[in-house]
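Descriptive analysis of the structure
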Amino acid sequence: MGRYVIRRLLQMIPVFIGSTFLIFFMVYALGDPVAALFGDRAPDPATAAQIRHDLFLDQPLWKQYLHYMGQIFQGNFGTAFNGQSVTELMADAFPVTVRLTIVAIVIEMIVGVVLGVFSGLRRGRSVDTSVLLLTLVVVSIPTFVSGYVLQFLFGVQWGWAAPTVSTDAPLNELLLPGLVLALVSLAYVTRLTRTSIAENARADYVRTAIAKGLPRHRVVTRHLLRNSLIPVVTFIGTDIGALMGGAIVTERIFNIHGVGFQLYQGILRQNSPTVVGFVTILVLVFLVANLLVDLLYAVLDPRIRYA
Amino acid sequence: MRGARRAKWAVCAIAVALAATACGGGGGESSGVVSSSWGDPQNPLEPANTNEVQGGKVMEMLFRGLKRYNPKTGAAENVVADRIETTDSQNFTVKLKGGWTFSNGESVTAKSFVDAWNYGAALGNKQKNSSFFQYIDGYDKVHPDSGTPTAKTLSGLVVKDDKTFTVKLNQKFSSWPDTLGYSAFMPLPQAFYKDHSAWLKKPVGNGPYTVDSYTKGSALKLRKWDKYPGPDPAQNDGIDLRVYTDTNTAYTDLQAGNLDLVDDVPAAQLKNVKRDLGDRYINQPAGIIQTLTFPMYEKDWGGSGEKEKLRQGISMAINREQITDEIFRKTRTPATDWTSPVLGAQGGYKAGLCGGACAFDPKKAKQLIQEAGGLPGGKMTLGYNADAGSHKDWIDAICNSINNTLGSDRACVGAPVGTFADFRNKIQSKQMTGPFRAGWQMDYPLIQNFLQPLYYTGASSNDGKFSNAGFDKLVNEANAQTDVAKAVGKFQDAEKILAQQMPAIPLWYQNGSGGYSDRITDVSLNPFSVPVYNEIKVK
């Protein structure tokens, strides 16, 4: 187990270096960001040259990359154009997005798994069909539609919730955005759970458990569900990364100043330190989430062992 | 039922989460405070580094300079300055009024201005507005085009005593005092230099508001400064500026009563705004003009003779009226000169100066373009940046207008560039092959600001690289003219050269738009389309 984890951690290093280089290269390929800082006015050449020099932009790309990586290993992610250090931006943005992600994951886990178990156990009956239909509808609605519609209904029409999230982004204000963010994944979780449950419901160990005379809820939760959750856990694990990086649309609609907001702003302004820094962290989140998922397999299915 | 128990559990989990954080946030609106939409300013909030509207809003609340532009008329009026005198339009003596202090107690003296201007001009400080100091003598020493500076301070600025300083310009510029309301010219307290990073975290100025707290990237809370010595104290208890990434979201918040003021109504909502807000919708002229600029360095477009006819023909092929009505819902007005109505007739705005060349006349347009040998290569592209605003809509509409005029479906197409930065880079490296979109928001309400930076040979925002000796001569003469009316006349003569040469097609004057909640009154926009925050009253 320990050796397995170490091996996986070591594998992360080349992935990390490769992905940062790719992102760095792509952001810089967009061109020179300095001109846009001056708006519609042509930049004064001397000032522009000074800014380029300070941002290391007058160096060849490989030197910039080495300089940047050197900084990163000292814990310095550079400075955004508004004079704020990127580490500071991260300290502001990541807690907000993490909270939003947690809300979304909790919603999709609870609702998705519960719905999945019900329709899986009642395969082919009316509950199953209606859940199937419902998830189809949810999957086919793009996030920005559900976002704007729910925001208008709950926020403006009925006044049940504030349409936007305030600066501190407390959990209760994140419920609505979290729901919007969770909707699509929720449908996937439901369908994955349903299929898995429906398949395993006829497995030998379930019949054995029933034959032993165990109460039904114990059979379902301890035996059936635990074994059926493996594909669901895989999905949720990768979804954590996707939700954190992909919340751009939701964060924009509900005016949440999280990772998506910073990335969007960074890309618009071609602010390479911000974009590379944030994406680098997201890459790390993805890698760690995947590792955790693999380790969870062993917990869920005793047959899986890591050496 | 088993299901019911699970559902109950889920509800409980959410309830616990709620209880743990309830009362954590919320609007928390105190009675007299106005909340207003804001965009994240691009640059650090310091006067000589603030060159766009979002940062400009804060400067307007935090600082008062020698002059201020009257929020209604746009006229430059003395505020901290008692008088600014000159005999030769080149050497100025500035006398300050007494009694002004910064909110940290430090008094505003001649040194507060001179030090701030020296800071803004110095190359090493990388201030984006440094070129505003270019007319002051010695600028080329502290801010050389290349190489290292040979001086630390502007030789043209001399402090005489606490309340007096003199300015020597490197050329005659009669309306120079009227430029001093721009944010780059604001005074700074000594605290700015002593602990710069602390100052940036919580700026200190001499305006009607003080900074209560500043969370970069999300909110800036300004509170009324009770001891403000100026003539225009805040009528409300404070302003909370909230950053919105999406104007639609801000508008939704306004509708829900979660926000008091938006100063940019999204294009998609323009058709509903009257019904949603009634007379709480503001739509008034601002000092912004949109043009289509020709790359005069391209032989297909630049030059005189036939090419003049080509450029004029394209201008006449555009149905401005229809586009401003249909697409912009009258938040733009068709342009008939190269300035802006906010200048007023005395300031140099002259409706119809462009004459027939800016009026929609498809027959004449077609004839002129044909006389010029048709479009170069039979087609043209209109360059724009696709990342912001609704540029695509109106660019396509202009192309349609031109295509209809010429009776060809493929004569004109839009040429989007991905990002604004890339768009500006292409323009500056002279890579544009066809006309492109250009917007100009005035820095100060002077006709000079609409002409010299844009069309003078080698000027900083002369994107099309237009150069005309006659135009340059008239601008120089106008700048040397001490009589305002005569100077304006010279500028208008220069403008007539633009009408004939048509290096940039005037499209429309842009209005400022905004909407507010029924909690507040006395809301208006100044000529820079910034809300006049200090005059807003809370019911």
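About the criteria used
Residues numbered from 1 in each chain as written. Chains lettered and ligands numbered in written order. Predicted model: local features only at pLDDT ≥ 70, side-chain atom pairs only at ≥ 80, totals over all residues. Heavy atoms only, no water. UniProt positions renumbered as here; feature names shortened; annotations may be inferred. Helix = DSSP H or I, 4+ residues; strand = E, 2+ residues; numbered from the N terminus. Rg over C-alpha atoms; globule rule 2.2 N^0.38 Å. Buried < 20%, exposed > 50% of the residue type's maximum accessible area, 1.4 Å probe, protein only. Contact = heavy atoms within 4.5 Å. Areas by Shrake-Rupley, 256 points an atom, 1.4 Å probe, with all protein chains shown as cover. Lys, Arg positive; Asp, Glu negative; His and termini not counted. Charge placed at Lys NZ, Arg CZ, Asp CG, Glu CD. Core = buried A, V, L, I, M, F, W, Y, C linked by side-chain atoms within 4.5 Å. Domains from an automatic or database assignment. Buried area = accessible area lost by both parts, 1.4 Å probe. Salt bridge = Lys/Arg side-chain N within 4 Å of Asp/Glu carboxyl O. Polar contact = N/O pair within 3.5 Å; in protein donor to acceptor, adjacent residues only side chain to side chain. Nonpolar A, V, L, I, M, F, W, Y, C, P; charged D, E, K, R; others polar. Arc of directions from axis to C-beta. Patch = residues over 30% accessible without salt bridge, like charges linked within 9 Å, V, L, I, M, F, W, Y side chains within 5 Å. pLDDT = per-residue confidence, 0-100. Disulfide = S-S within 2.5 Å.

In the nomenclature of an unreviewed UniProt entry, chain B corresponds to Peptide ABC transporter substrate-binding protein from the organism Streptomyces chattanoogensis.

Within an unreviewed UniProt entry, the label attached to chain A reads ABC transporter permease, and the organism entered is Streptomyces chattanoogensis. Under the Sequence similarities (unreviewed entry) heading, UniProt states for chain A: "Belongs to the binding-protein-dependent transport system permease family."

Let's shift gears to the overall build of chain B. Broken down by element type, chain B carries 17 helices and 19 strands. Its C-alpha atoms give chain B a radius of gyration of 26 Å, near enough to 24 Å, the size a compact globule of 539 residues would have. Each principal axis of the C-alpha atoms in chain B carries an extent, and together these give about 80 × 80 × 45 Å. When burial is assessed residue by residue, chain B has 56% of its 539 residues classed as buried. Across chain B, contacts joining residues at least 24 apart in sequence account for 68% of those joining residues at least 6 apart. With an accessible surface of roughly 21200 Å², chain B has 49% of that area assigned to carbon and sulfur atoms. The centroid of the 61 positive side-chain charges in chain B is displaced by 4 Å from the centroid of its 55 negative side-chain charges.

What chain A contains, in helices and strands, is 13 helices and 0 strands. Going from the N terminus to the C terminus, chain A shows its helices and strands as α-α-α-α-α-α-α-α-α-α-α-α-α. For the C-alpha atoms alone, the extent of chain A along its principal axes is close to 85 × 55 × 30 Å. Within the span of chain A, comprising 307 residues, buried residues form 49% of the whole.

Attention now moves to the nonpolar core. Within the largest apolar cluster, 139 residues are counted, with the highest numbers of intra-cluster contacts made by B:Trp117, B:Phe165, B:Val167, B:Ile314, B:Trp338 and B:Ile398. Excluding residues that lie within four positions of it along the chain, B:Trp117 makes contacts with B:Leu66, B:Phe133, B:Ile136, B:Leu154, B:Leu157, B:Phe165, B:Val167, B:Trp176, B:Leu180, B:Ala184, B:Phe185 and B:Met186. Among the nonpolar cores identified, the runner-up in size contains 40 residues, and A:Leu181, A:Leu224, A:Ile230 and A:Ile236 belong to it.

Turning our eyes to something else, we now look at the UniProt feature "transmembrane region" (unreviewed entry) in chain A. All names here are of chain A. UniProt's feature table lists "transmembrane region" (unreviewed entry) at residues 12-31, 98-119, 131-154, 174-192, 232-254 and 274-300, given in the numbering used throughout. For residues 131-154, the helix share is 92%, the strand share is 0%, and the end-to-end C-alpha distance is 24 Å. When the span residues 174-192 is considered, its composition is 95% helix and 0% strand, and the gap between its end C-alpha atoms is 26 Å.

Below, the discussion takes up the side chain of B:Thr324. Checked against the element boundaries, B:Thr324 lands in helix α10 (residues 320-326). Residue classification places B:Thr324 among the buried positions, given a relative accessible area of 1%.

Bringing the domain arrangement of chain A into the picture now. Accessible area lost upon the coming together of the parts is a frequently used measure of interface size. All names here are of chain A. Segmenting chain A into domains produces domain 1 (2-72) and domain 2 (90-300). A separation of 32 Å is found between the C-alpha centroids of domain 1 and domain 2. With 18 residues of domain 1 at the interface, the matching set in domain 2 holds 17 residues. When the two sides are added together, the surface that domain 1 and domain 2 hide from each other amounts to roughly 1500 Å², 77% of it contributed by carbon and sulfur. Taken together, the links from domain 1 to domain 2 amount to 1 salt bridge. The partner of Asp294 in a salt bridge is Arg8, and the shortest N-O contact between them spans 2.3 Å. In this assembly, domain 1 and domain 2 are joined by 2 residue pairs in polar contact (both at pLDDT 80 or more). Sort the elements by how many residues they give to the side of domain 1 that touches domain 2 and helix α1 (residues 2-29) lands first, with 13 residues. Tallied by class, residues from the side of domain 1 that touches domain 2 come to 13 nonpolar, 3 polar and 2 charged.

Another aspect to go through is the interface of chain A and chain B. At the junction of the two partners, chain A supplies 57 residues and chain B supplies 62 residues. Between chain A and chain B, roughly 5100 Å² of surface is buried when both sides are summed, and carbon and sulfur atoms account for 55% of that area. Considering only the side of chain A, the residues that lose the most area to chain B are A:Asp40, A:Arg41 and A:Asn82, jointly responsible for 13% of the buried surface there. On the surface where chain A and chain B come into contact, there are 0 salt bridges. Between chain A and chain B we count 12 residue pairs in polar contact (both at pLDDT 80 or more) in total. For the side of chain A that touches chain B, the elements supplying multiple residues, two or more each, are α2 (45-54), α4 (86-121), α6 (143-157), α9 (216-228), α11 (248-253) and α12 (259-268) of chain A.

We now examine helix α12 (residues 362-371) of chain B. All names here are of chain B. Among the residues making up α12, those that are buried are Ala365, Leu368 and Ile369. Projected down its long axis, α12 carries its buried residues within an arc of 95 degrees, all on one side. More than 90 degrees from the buried face of α12, the exposed residues found are Lys363 and Gln370. Residues of α12 that are buried sit in contact with α9 (306-316) and α13 (391-406). Positive backbone phi, approximately 90 degrees, marks Gly373, located one or two places after α12.

In this section: a positive patch on the surface. Together, A:Lys212, A:Arg218, A:Arg222 and A:Arg226 make up a positively charged patch on the protein surface. Among the secondary structure elements, A:Arg218 is positioned in helix α9.

Looking now at the confidence of the model for chain B. Atom-level detail of predicted coordinates should not be read off regions where pLDDT is low. Residue and element names in this part refer to chain B. Per-residue pLDDT for chain B has a mean of 88; in total, 94% of the residues score no lower than 70. When the criterion is pLDDT under 50, residues 1-29 qualifies, and its contacts beyond four places in sequence or with other chains add up to 28 contacts. Both scores are given for the predicted complex: the pTM is 0.82, the ipTM 0.80.

The next thing to look at is the state of the cysteines. Residue and element names in this part refer to chain B. All told, the structure shown has 2 disulfides over all chains when counted by the stated rule. Covalent S-S linkage joins Cys354 and Cys358, the inter-sulfur distance amounting to 1.9 Å. The disulfide joining Cys354 to Cys358 has a torsion of about 75 degrees about its S-S bond and is therefore right-handed. Each of the two residues, Cys354 as well as Cys358, counts as buried.

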